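Each chain, written out:
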Amino acid sequence: MSQVEKKAGLLRRTSSSKKPLKEKVVLMYDEIFAKEDPAKNNPRFWDELFLMKVNLEYLESKLESVDGEEVQRVQDNINSLFHHCVQALGEEHQIKVVNALQTLCALFRGVHHKNKSASGFDIINMLMGFDKAEQRMKDLMESLDSLLCGDGSESLKSLCLKLLLCLVTVTDNISQNTILEYVMINSIFEAILQILSDVSSRGQHGYDAVVLLALLVNYRKYESVNPYIVKLSIVDDEPTLDGMGMVVHQALAKYNRQYKDKEEENQGGFFSTLTSMVGSMFIADADEKLSVQTNEAILLALYEAVHLNRNFITVLAQSHPEMDIAATPATPTPTTPTTPPALDMMNNPELPLDPNLQTSNLLITFLKYASIVMQDTKDEHRLNSARLCLIILTCIAEDQYADAFLHDDNMNFRVTLHRMPMRHRKKTVGKNIPSRRLVCAVLDLMVEFIVTHMMKDFPMDLYIRCVQIIHKLLCYQKKCRIRLQYDWREHWSALINLLKFLLSNETALLAKHNIFHLALLIVNLFNLFITYGDTFLPTSSSYDELYYEIVRMHQVFDNLYCMVLRVSTNAGQWKEAASKVTHALVNIRAIVNHFNPKIESYAAVNHISQLSEEQVLEVVRSNYDTLTLKLQDGLDQFERYSEQPKEAAFFKELVRSISLNVRKNVSLNTLSQDVLLKEFSTIS
């Protein structure tokens, strides 16, 4: 049968002179869209309907074609169809249950597509009758809950989740989907948790369950009390939280694996040879070739878990052997092609452990993912992913328990972050990376972003988040007097170069951004090092090196002072913001003004035209006693993250984008009918 004939619900022509015959199920749909009650002349109409293979395309197109006056005429029959679908979910005959679930998908999609401008109440009325909607949805949700929690077919459970994803994403803005009020009242939260806590169930349905939960949490989250938010925030069951973490870990690891495979392909082929021949002109194209579709849905799930549930923080740090996702056998689930392959080998007590095997955890996998998506922020999806990664890291950096394991000297890992190809540096080899505390990888990621995104289309928001994350980690180190073995000079150099970039592009950047806010954050990072560095820098020589870097790059700070002084002494919108930077620079200028004359004097006395680093450091060490600095308040204080109201607009658009993508995948994959029907025909 051709695709056109199939969509029209027609059977093959028997001869050229005869009209094509309609399938029986199509004839039955036509009866539903007639004025009369279809069961009036055939009492077994509904029993027979759910034994027929659903023609989704025809049913949806029929719903979409119903005009205004026709709606009133056929509404009772559509209500009846919905009612009998729900009733059929309780049938023992599995074929009926499958067909009822698929019919419900078509009903939700078709009615919403036809009535995009209609109110939620009108759609509810058309689907199930407003006076009976509460009972119908209660029955539907109870049936879905029973199917998801029961011992029945895994394919059936998968279809239930697809139906729920279809229902949740049927409108572009999920908060405008009034039907979800019934999903709030008749919660399936416990069913989702049961899926995540069971190893077998999680392997087959975990991905869809986690995405569904993330979307439900975002339904009218700023307008009313969302029970899914409340319940997620208090989950303390370890197997459930571990299961959620495992699903997120697998999805992110899959992305990382795909990127690494593409990277290896490009390194060994003609493209790589050509790039090396003609230099760096193809670097941008190479990066483009390595692009892998981002997964904002799973990232949103990780964010909600980290943001809402303090107990989930422990899941981030749980160590397990690092597994190669591509090399792990997985049993495909025909009815859920959108679900990534399962990797629940961590829960297998018989898993052989190689003592030489590198260990990993969810946080490491997330950091690797972030290092990939943060490379290129020109694409909207990757920009959203980068922003969400930084928001997640912000939440982690604020959490005391997370900070404790980030800085735990007994938890050392070798974290290979992906680095953007750049002309002035060589590509690092992962094997050369030392095993260090996890906070070092977070700081490396922030520095990597800072040095690679100084460009015309400046991502100011991301830069501010990066610097704030660094500040929060330093505050913890200062508070707990943690002396981190870390290359702070590279860190200071990146921050100074960022200031240099802001100065060089002042006019262009000020047309779009408040550059003084970012400059103030950077200057105050240096003030934190200057004021409290002796309590958390690894050695006294590190403190000397800080002063050396400030003096060596004094021209940048001098230029910054001149710029902010000029702006703050003139009337204009940036006057107050610039004035704050002027005051913040007081100690840096004191250091420059104190040590520069001493260095020049040392050079003159010893007849040296250019001092070595060690000679400058000697001058610094010899002249601390006569340096006077001002005590600055609030350097170790920060504003805690709050989603509402600052991030509300971002999450609203992000959830809309995720919803559209999930809807597209569900419509493509819900409904592998032949596989389902074959499975249940065999059972029957």
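Source: prediction; values computed, not measured. (Residues numbered from 1 in each chain as written. Predicted model: local features only at pLDDT ≥ 70, side-chain atom pairs only at ≥ 80, totals over all residues. Heavy atoms only, no water.)

1. Digging into the overall build of the protein chain
Here is step 1 of the chain: Looking only at helices and strands, the protein chain has 33 helices and 4 strands in total.
Here is step 2 of the chain: Burial statistics for the protein chain: of 684 residues in total, 54% are counted as buried.
Here is step 3 of the chain: Counting contacts in the protein chain only where the partners sit at least 6 residues apart, residues at least 24 apart contribute 78% of the total.
Here is step 4 of the chain: In the structure as shown, the protein chain presents an accessible area of about 31,400 Å², 50% of it carried by carbon and sulfur atoms. (Helix = DSSP H or I, 4+ residues; strand = E, 2+ residues; numbered from the N terminus. Buried < 20%, exposed > 50% of the residue type's maximum accessible area, 1.4 Å probe, protein only. Contact = heavy atoms within 4.5 Å. Areas by Shrake-Rupley, 256 points an atom, 1.4 Å probe, with all protein chains shown as cover.)

2. Structural notes on the pattern of salt bridges
Two side chains of opposite charge can pair, provided their charged atoms sit close to one another.
Here is step 1 of the chain: The full count for this structure, using the stated rule, is 34 salt bridges.
Here is step 2 of the chain: Across the salt bridge formed by arginine 489 and glutamate 549, the nearest N and O atoms sit 3.0 Å from each other. One end of the pair, arginine 489, is in helix α24 (residues 488-504); the other, glutamate 549, is in helix α27 (residues 540-552), and 60 residues separate them in sequence.
Here is step 3 of the chain: Salt bridges sharing common partners tie together Arg44, Asp47, Glu91 and Lys96. (Salt bridge = Lys/Arg side-chain N within 4 Å of Asp/Glu carboxyl O.)

3. Some details on the packing of helix α23 (residues 460-480) against helix α26 (residues 515-536)
Here is step 1 of the chain: Running from amino to carboxyl end, α23 crosses α26 at an angle of 15°, the nearest separation of the two axes being 10 Å. In terms of their interaxial angle, α23 and α26 are classed as roughly parallel. Crossing of α23 over α26 shows left-handed handedness. Residues Met460, Tyr463, Ile464, Val467, Gln468, Ile470, His471, Leu474, Cys475, Gln477 and Lys478 of α23 lie in contact with α26, whose contacting residues are Ile515, His517, Leu518, Leu521, Ile522, Leu525, Leu528, Phe529, Tyr532, Thr535 and Phe536.
Here is step 2 of the chain: Residues of the contact of α23 with α26, tallied by class, amount to 16 nonpolar, 5 polar and 1 charged. (Axes fitted to C-alpha atoms, helices over the stretch in contact; angles between N-to-C directions. Parallel < 35°, antiparallel > 145°, perpendicular 65-115°, else oblique. Left-handed = near helix turned anticlockwise from the far one by under 90°. Nonpolar A, V, L, I, M, F, W, Y, C, P; charged D, E, K, R; others polar.)

4. A look at the environment of isoleucine 496
Here is step 1 of the chain: Looking at the secondary structure, you find isoleucine 496 in helix α24.
Here is step 2 of the chain: Since its relative accessible area comes to 1%, isoleucine 496 is described here as buried.
Here is step 3 of the chain: Here the alpha-carbon distance between isoleucine 496 and alanine 519, two residues 23 residues apart in the chain, equals 10.0 Å.
Here is step 4 of the chain: Those residues in contact with isoleucine 496 that lie beyond four places of it in its chain are Phe526, Glu549, Met553, Val556 and Phe557.

5. Quick notes on the packing of aromatic side chains
Here is step 1 of the chain: For the coordinates displayed, the defined rule picks out 24 aromatic pairs.
Here is step 2 of the chain: Pairing tyrosine 543 with tyrosine 624 gives two aromatic rings, centres 6.1 Å apart and planes at 40°, and the pair type is tilted. Of the two residues, tyrosine 543 sits in helix α27 while tyrosine 624 sits in the loop between α31 (613-622) and α32 (648-669), which places them 81 residues apart along the sequence.
Here is step 3 of the chain: With relative accessibility at 22%, the residue tyrosine 624 sits in the partly exposed group.
Here is step 4 of the chain: Judged by centre distance (6.2 Å) and plane angle (85°), the rings of phenylalanine 595 and tyrosine 624 are edge-to-face. Placement of phenylalanine 595 in helix α30 (residues 586-605) and of tyrosine 624 in the loop between α31 and α32 is noted, with a sequence separation of 29 residues between them.
Here is step 5 of the chain: Of the aromatic side chains, those joined through ring pairs into one cluster are Tyr486, Trp488, Trp492, Phe529 and Phe536. (Phe/Tyr/Trp six-rings, centres within 6.5 Å; stacked < 30°, edge-to-face > 60°.)

6. Thoughts on the packing of helix α28 (residues 554-568) against helix α29 (residues 575-584)
Here is step 1 of the chain: Two numbers describe how α28 lies on α29: the axes approach to 8 Å, and their chain directions differ by 145°. For the element pair α28 and α29, the recorded crossing hand is left-handed. Across from Leu560, Tyr561, Val564, Leu565, Val567 and Ser568 in α28, the residues of α29 making contact are Lys575, Ala578, Ser579, Val581 and Thr582.
Here is step 2 of the chain: Residue classes in the contact of α28 with α29 are distributed as 7 nonpolar, 3 polar and 1 charged.

7. Points about the side chain of arginine 109
Here is step 1 of the chain: Mapped onto the fold, arginine 109 is located in helix α6 (residues 94-114).
Here is step 2 of the chain: Take arginine 109: its relative accessible area is 14%, and that puts it in the buried class.

8. Side note on α27
Here is step 1 of the chain: Spanning 13 residues, α27 covers 18 Å between terminal C-alpha atoms, matching the ideal 18 Å at 1.5 Å per step.
Here is step 2 of the chain: Buried positions along α27 lie against α24, α26, α28, α30 and α31. (Expected span 1.5 Å × (residues − 1).)

9. Quick notes on helix α17 (residues 296-308)
Here is step 1 of the chain: For α17, built from 13 residues, the straight-helix expectation of 18 Å at 1.5 Å per residue is met to within 8% by its first-to-last C-alpha distance of 18 Å.
Here is step 2 of the chain: Counting buried residues in α17 gives 11 out of 13 residues, a clear majority hidden from the surface.
Here is step 3 of the chain: Every buried residue belonging to α17 is among Glu296, Ala297, Ile298, Leu299, Leu300, Ala301, Leu302, Tyr303, Glu304, Ala305 and Val306, and all of these are buried.

10. Concerning the side chain of histidine 471
Here is step 1 of the chain: Its location among the elements puts histidine 471 in helix α23.
Here is step 2 of the chain: Judged by relative accessible area, histidine 471 falls into the buried class, the value being 16%.
Here is step 3 of the chain: Once you skip the residues sitting within four places of it in the chain, histidine 471 turns out to touch Leu525, Leu528, Leu635, Asp636, Gln637 and Phe638.

11. So, the confidence of the model for the protein chain
Here is step 1 of the chain: For the protein chain, the average pLDDT comes to 85, and 83% of its residues sit at 70 or higher.
Here is step 2 of the chain: Note that pLDDT drops below 50 for residues 10-17; the model gives that stretch 15 contacts with residues more than four away or on any other chain. (pLDDT = per-residue confidence, 0-100.)

12. Things to note about unusual backbone geometry
Here is step 1 of the chain: In this chain, glutamine 644 is followed by proline 645 through a cis amide linkage whose omega measures 10°.
Here is step 2 of the chain: Residue placement: proline 645 occurs in the loop between α31 and α32.
Here is step 3 of the chain: In this structure, arginine 481 takes a positive phi of about 55° despite not being glycine.
Here is step 4 of the chain: Relative to the helices and strands, arginine 481 is located in the loop between α23 and α24.
Here is step 5 of the chain: Notably, histidine 607 is not glycine yet its phi reads approximately 55°, a positive angle.
Here is step 6 of the chain: Tracing the chain through its elements places histidine 607 in the loop between α30 and α31.

13. Points about the environment of threonine 535
Here is step 1 of the chain: For threonine 535, the location among the structural elements is in helix α26.
Here is step 2 of the chain: On a C-alpha basis, the gap between threonine 535 and lysine 478 in space is 6.3 Å, while along the polypeptide they are 57 residues apart.
Here is step 3 of the chain: At 2.6 Å, the side chain of threonine 535 forms a polar contact with the backbone oxygen of tyrosine 532. (Polar contact = N/O pair within 3.5 Å; in protein donor to acceptor, adjacent residues only side chain to side chain.)

14. A short note on the environment of lysine 231
Here is step 1 of the chain: Relative to the assigned elements, lysine 231 resides in helix α13 (residues 227-233).
Here is step 2 of the chain: Along the backbone, lysine 231 and phenylalanine 189 are 42 residues apart, and their C-alpha atoms lie at a distance of 7.7 Å.
Here is step 3 of the chain: Residues in contact with lysine 231, not counting those within four places in the same chain, are Ser187, Phe189 and Glu190.
Here is step 4 of the chain: A distance of 3.3 Å separates polar atoms of two side chains, one belonging to lysine 231 and the other to serine 187.

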